[in-house]
Amino acid sequence: MIDTQALIKFMNGVKVISTIVDEILRKTDAGENIIVIPSVVIFEIAYLHEKKRIPVSVTDIESIISGSLNYIEEPLTLDVIKSAFEINDIPELHDRLIAGTARYLDLPLITNDPIILRSDFVKSVNGE
């Protein structure tokens with residue numbers, strides 16, 4: 001599973017967080033891994049693109065998801081929301097929903113966000 005900033009960096013050809021994480025993503029592109037993209041990440045990318053803060057658009061994400069079996073969208077469901085609101089150490093709403101998705105699916109989250117990395121509720125991958 002991946003958070004917004006990590007996905008944006010990878011799509012822009014920027015090394016993501018660490019060599020280990022970069023390798024995970026490259027292997028996903030090669031068909032060896034599966035990366036789950038929470039709907040909240042797609043929403044944030046659409047918003048940031050609309051505000052002209054990033055070049056990556058929701059259409060770019062749609063192309064990745066529809067063109068690959070290795071990138072999967074995870075919808076925002078009632079179960080994910082309930083999981084997110086059991087997390088009490090991530091105050092920012094979008095980050096909590098992303099972390100809640102990872103927690104609900106019991107998947108590690110690729111992130112470099114220091115607050116998420118310190119969370120007691122989410123397993124993280126940052127390569128350090």
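Residues numbered from 1 in each chain as written. Predicted model: local features only at pLDDT ≥ 70, side-chain atom pairs only at ≥ 80, totals over all residues. Heavy atoms only, no water.

Undergrad: Please explain the side chain of Thr-4 as it appears in this structure.
TA: Structurally, the position occupied by Thr-4 is in helix α1 (residues 4–11). For Thr-4, a relative accessible area of 5% corresponds to the buried category. If sequence neighbours within four positions are ignored, Thr-4 has contacts with Val-41, Glu-44, Ile-45, Leu-48 and Ile-98. (Helix = DSSP H or I, 4+ residues; strand = E, 2+ residues; numbered from the N terminus. Buried < 20%, exposed > 50% of the residue type's maximum accessible area, 1.4 Å probe, protein only. Contact = heavy atoms within 4.5 Å.)

Undergrad: Whenever I open this one, the environment of Val-36 confuses me. Can you help?
TA: Position of Val-36 among the secondary structure elements: in strand β1 (residues 35–38). Considered as a pair, Val-36 and Met-1 are 35 residues apart in the sequence and their alpha carbons are 4.4 Å apart. When residues no more than four places from it in sequence are discounted, the contact partners of Val-36 are Met-1, Ile-2, Ile-72, Glu-74, Leu-105 and Leu-107.

Undergrad: I'm lost on the layout of surface pockets in this one. Help?
TA: Which parts of space are left empty comes out when a probe the size of a water molecule is rolled across the atoms. Considered as a void within the structure, the largest pocket measures approximately 260 Å³ in volume. In terms of lining residues, the largest pocket is bounded by 17 residues, among which Asp-3, Thr-4, Gln-5, Glu-44 and Asp-95 are the most central. Listed by contribution, the elements that provide at least two residues to the lining of the largest pocket are α1, α3 (39–50) and α6 (93–105). Tallied by class, the residues present in the lining of the largest pocket amount to seven nonpolar, five polar and five charged. (1 Å grid on protein atoms, 1.4 Å probe; cavity = no way out; pocket = protein on both sides within 12 Å on 5 of 7 lines; lining within 4 Å. Points joined across faces, edges and corners; volume = space filled by probe spheres on them. Nonpolar A, V, L, I, M, F, W, Y, C, P; charged D, E, K, R; others polar.)

Undergrad: When you look at the side chain of Ser-119 in this model, what are you seeing that I'm missing?
TA: Along the chain, Ser-119 turns up in the loop between α7 (114–118) and β4 (124–125). Of note is the side chain of Ser-119, whose polar atom sits 2.9 Å from the side chain of Asp-89. Not counting chain neighbours up to four residues away, the residues in contact with Ser-119 comprise Ile-87, Asp-89 and Ile-90. (Polar contact = N/O pair within 3.5 Å; in protein donor to acceptor, adjacent residues only side chain to side chain.)

Undergrad: Help me out: how do you make sense of the pairing of β1 in this one?
TA: The two faces of a sheet get side chains in turn, since along a regular strand they alternate between them. The alternating pattern of β1 places Ile-35 and Ile-37 and Val-36 and Pro-38 on opposite faces, both of which are buried. Across four bridges, β1 lies against strand β2 (residues 71–74) in parallel orientation. Along β2, the bridge assignment pairs Ile-37 with Glu-73. (Pairing = 2+ DSSP bridges.)

Undergrad: Would you explain the nonpolar core in this entry?
TA: Grouped burial of nonpolar side chains is what soluble globular proteins tend to show. Membership of the largest hydrophobic core comes to 32 residues, with the highest contact counts inside it found for Ile-2, Ile-37, Ile-45, Ile-110 and Val-122. At the level of elements, α1, α2 (19–29), β1, α3, α6 and β3 (109–110) are the ones that each hand at least two residues to this core. Here the element with the most residues in this core is α3; it accounts for five residues. In this view, Ile-37 contacts Ile-2, Leu-7, Ile-42, Ile-65, Tyr-71, Ile-72, Glu-73 and Glu-74; residues no more than four positions away in its chain are not counted. (Core = buried A, V, L, I, M, F, W, Y, C linked by side-chain atoms within 4.5 Å.)

Undergrad: Sorry, what's going on with the packing of α1 against α3 here?
TA: Two numbers describe how α1 lies on α3: the axes approach to 9 Å, and their chain directions differ by 60 degrees. The angle between the axes of α1 and α3 places the two elements in the oblique class. Remark: the crossing between α1 and α3 carries right-handed chirality. On α3, the residues touching Thr-4, Gln-5, Leu-7 and Ile-8 of α1 are Val-41, Glu-44, Ile-45 and Leu-48. Classifying every residue of the contact of α1 with α3 gives five nonpolar, two polar and one charged. (Axes fitted to C-alpha atoms, helices over the stretch in contact; angles between N-to-C directions. Parallel < 35°, antiparallel > 145°, perpendicular 65-115°, else oblique. Left-handed = near helix turned anticlockwise from the far one by under 90°.)

Undergrad: What is the right way to read α3 from this model?
TA: With twelve residues, α3 ought to run about 16 Å at 1.5 Å a step, and its terminal C-alpha atoms sit 17 Å apart, in line with that. Looking at α3, one finds that the buried residues are Ser-39, Val-40, Val-41, Ile-42, Glu-44, Ile-45 and Leu-48. Each element contacted by the buried residues of α3 is listed here: α1, β1, α4 (58–66), β2 and α6. Following α3 by one or two positions, Lys-52 adopts a phi angle in the positive range, close to 60 degrees. (Expected span 1.5 Å × (residues − 1).)

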